[in-house]
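Fold and geometry: a report
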Amino acid sequence: MVGGQEPLLVLQDICKEFPGVKALDGVSLEIFPGEIHAVLGENGAGKSTLMKILSGILRKDRGEIILEGKRVDFRTPRDAISAGIALVQQELSLVPYLSVAENIFLGRWQRKGLGIDWRLLKKEAEELLRRFNLKIDPQALVEELSVAEQQIVEIIKAIAKPQVRVFLLDEPTSALGEKEIARLFELLFEIKKEGKAIIFISHKINEALVLSDRITVLRDGRKVITAPCRDLTERDVVFHMTGKTWERQREAESVVQKERVTPILVLQNFSVDNFVRDVNLEVARGEILVIFGLVGSGRTTLAEGLFGLRRHTGKLFLEGKEIELSSPLEAVHSGIGYIPEDRRHGLIYEMPVFSNITLAVLSDVSRKGILKLEEEFRLAGKFVQDLRIKTPNIFREVLFLSGGNQQKVLLARWLARNPRVLVMDEPTRGIDVGAKFEIRELTKSLALTGLGIIYITSEAPEALEFSSRIAVMRNGKIVAIFDDPSRITKSDLIAAASGALEREVVWNGQR
Amino acid sequence: MAKDKEVTGSTAFLPSVRSIVLKGGSLVGVVALSIAFASFTPHFMTLSNWLNILRQVSVVMILASAQTMVIIAGGIDLSVGSLLALGGCLAAVAMSYWGWSFVLGSLLGIAIATLAGLGNGVIIAKGKIPDFIATLGMLGALRGVSLLITGGLPVPSHFTATKLAGYLPQVLVFLGSGDLWVIPVPAAIGVGVVIITWFILSRTTFGRSLYAVGGNREAARASGIDVDRVKVIVYGLAGLYCGAGGLVLVGRMNSANALMAEGIELQTIAAVVIGGTNLSGGRGSVFGTLVGAILMGVLSNGLNLLNVQPFWQRVVNGLLIIIVVLFDQWRRRLGE
């Protein structure tokens, strides 16, 4: 498919500068019809900027964009779409109270007299969905769909515009479980068959290697390499992304000693929102309990229940004492910290780094309600240093930090409070390899200081890598507990999480 | 990642003008307007005229400071004018009909305005009613209460059945229209309130919570901030400011009436917005609001001096808000 063909899209020497940062520095790229092209790079490498320029959200400072032999210059996303380039938003841009069909043809509804030709609308939507083998009801309201289905509708919406030949996808799989990712891949292959091109950004290297024909790696706004996937290994890619060699290692299994004698947090018949039912778990001091589950398994609901964000029944013991959590306030005061699945729910973007860090310990850095700024700055500075948060200074708004560093700010907020239990919901989602590694390292060292950690993830390798124990959730229930993660494999986990093991199983008989 | 800022402009001069305009915001507007007015009329650039401007905007300054805190916390208070009238009228009634002393009467006025403000907060936080609706309701209701208290007549007045116990105390009149050396007392109070507000916003845990609640309510809650309590307190505080503003206004007019300062809520919102505070909360400063209030004061004062028809003044005042916000948007886009 590549070679001998005219490129569909050519980028020449694209440059974009923001105050103080060269986001893109002379990036050139060719995209061919029927190609799936992955753009990889750490956060801040310029991937998103590139996508935004291609989709008309940002304007380039210099360089040329040539689409099918013609020079184009996009001022707005509308220009880009009518020229044939569509961005499938990472943040969903669907209207929740309209139907799937209405959303797909949003703004382009066929008129019939004074009204809308509903029948035609429905028929066309049905055809599209059938063409891609999707079992989504065109008349369902978007708000009733799962996140994964919404994402698919989002892509269909772009496909429905016949002029669009280049699709830009920003982290398309970040909100999806493994099954849904497979479905998305099928859809992308269908698009490819039609001779259209797909450019996508991802943090998941293995995914990019499986899915794409060629890969481009960006680093600090410059292109490092463009190469066919078959010529690259995961290690090569990491090397190009970071400029450092990386040994994939199975991390020592017993980093964390299992002092099972002193459970710090005990859940008894803990149920949340009529969805998560009868969870019995304990977390010991110094233990990392991974809760593994696919999207929709109830992991987040459980975490929110544990932090008093949702109504729950059952008993909760912290250090042997029963506690009541009817609000996050009580959770915070009893020593539970929580890092939500979506950073946007935890951070206050317009606030600087320092006040985001000290937000949960304001009473420690103040006297009688008056802030002791020096002390606050010192505390924040210490965490910025300890966690290696990359920021020009502590007064920078969190908004301007990369995802990994934002996550660290959130972590710092809880560390400042010295919690006894920390609940982390997908803390490494959507951040780059280097930051992922650092967050895991930090989590481990936290456990070593005696914290009990509940670590939620939907990535099996991550679950296996550094957990003390793994509990698997499905349909709101704990379906399996693995007391010795070193003795199981990824497929054991997936099997349990996807329902291949139906009965409740406790492995190793240690409980 | 972030390198040191490089100068990329063509000449060194242009970027510096640009950066003054970018950083200065509304202050540049005040300076530009002043230069313009000064070149048209010799009466503008005099000390007495400036003191006059400050005196005129003092009440707006006090109320807009309250509005700044409320808006930073993600709310909006449409009832500031009605709170002011309620506090001012009750204080005036107490002092002139019931024979209360200045201190007791003032305390009563401020207390009742504070209570009504707390009421706003409780309705919003516990009743889960949008801030706009709750305070819109209070805007009407509290005006009604003031009318009931005063019987629709100015206070003090000889036309009531109740016998007048005396005129308004001299201290109150001094608060509203006196001078300290050359500084008008109400202006000094206004600036004092702005400074106190600045201190609250930037140096107290409560102020920090206001930014947190307005910036991201959920995140604030998840950090252990009692969002409801913060809301109740900030509306209560706004009530307190309005009560104080009411005393200043009554002192300035040497009379209270239930319909005083009608429509002032829009002026306070305008001052806040012109001052660069984000209407959706989480970002802003009270010094910006101060500049915003002064900008509006300078504009109407200058137009008066130039003998521009009051009808035209309304047009200009309205357009000012739009222009400033347009400018602010442009500024932010460039800043990104």
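Residues numbered from 1 in each chain as written. Chains lettered and ligands numbered in written order. Predicted model: local features only at pLDDT ≥ 70, side-chain atom pairs only at ≥ 80, totals over all residues. Heavy atoms only, no water.

The subject of this paragraph is the confidence of the model for chain A. All names here are of chain A. The share of residues in chain A with pLDDT of 70 or more is 91%, and the mean pLDDT across the chain is 83. At the level of individual helices and strands, chain A shows its lowest average pLDDT in strand β25 (residues 505–506), which scores 39, and its highest in helix α11 (residues 353–358), which scores 94. Low pLDDT, under 50, characterises residues 246–260; the predicted model gives this stretch 31 contacts beyond four residues in sequence or across chains. Taken as a whole, residues 501–511 scores under 50 in pLDDT and shows 24 contacts with residues more than four places along the chain or in a different chain. (pLDDT = per-residue confidence, 0-100. Helix = DSSP H or I, 4+ residues; strand = E, 2+ residues; numbered from the N terminus. Contact = heavy atoms within 4.5 Å.)

With that settled, the discussion passes to the sheet that holds strand β11 (residues 214–219) of chain A. Residue and element names in this part refer to chain A. Taken together, the six strands give an open sheet; going across it, the order is β6-β9-β10-β3-β11-β12, and neighbouring strands pair in mixed fashion. Whereas interior strands pair on both sides, the edge strands pair on one side only; in this sheet they are β6 (85–88) and β12 (222–228). With direction set aside, neighbouring strand axes in the sheet form an average angle of 20 degrees. Across four bridges, strand β3 (residues 36–40) lies against strand β10 (residues 197–201) in parallel orientation. (Pairing = 2+ DSSP bridges. Axes fitted to C-alpha atoms, helices over the stretch in contact; angles between N-to-C directions.)

Each side of the interface is counted separately: chain A has 34 residues, and chain B has 31 residues. A buried area of about 2600 Å², summed over both sides, lies between chain A and chain B, and 62% of it is on carbon and sulfur atoms. Seen at the junction of chain A and chain B, the total is two salt bridges. Here B:Arg283 and A:Glu350 are joined by a salt bridge, their closest N and O atoms 3.9 Å apart. At the boundary of chain A with chain B, the tally comes to seven residue pairs in polar contact (both at pLDDT 80 or more). Every element with two or more residues in the side of chain A that touches chain B is listed here: β1 (9–18), β2 (21–31), α10 (328–334), α11, β20 (370–371), α12 (373–386) and α13 (403–415) of chain A. Looking at the side of chain A that touches chain B, its residues break down into 20 nonpolar, eight polar and six charged. (Buried area = accessible area lost by both parts, 1.4 Å probe. Salt bridge = Lys/Arg side-chain N within 4 Å of Asp/Glu carboxyl O. Polar contact = N/O pair within 3.5 Å; in protein donor to acceptor, adjacent residues only side chain to side chain. Nonpolar A, V, L, I, M, F, W, Y, C, P; charged D, E, K, R; others polar.)

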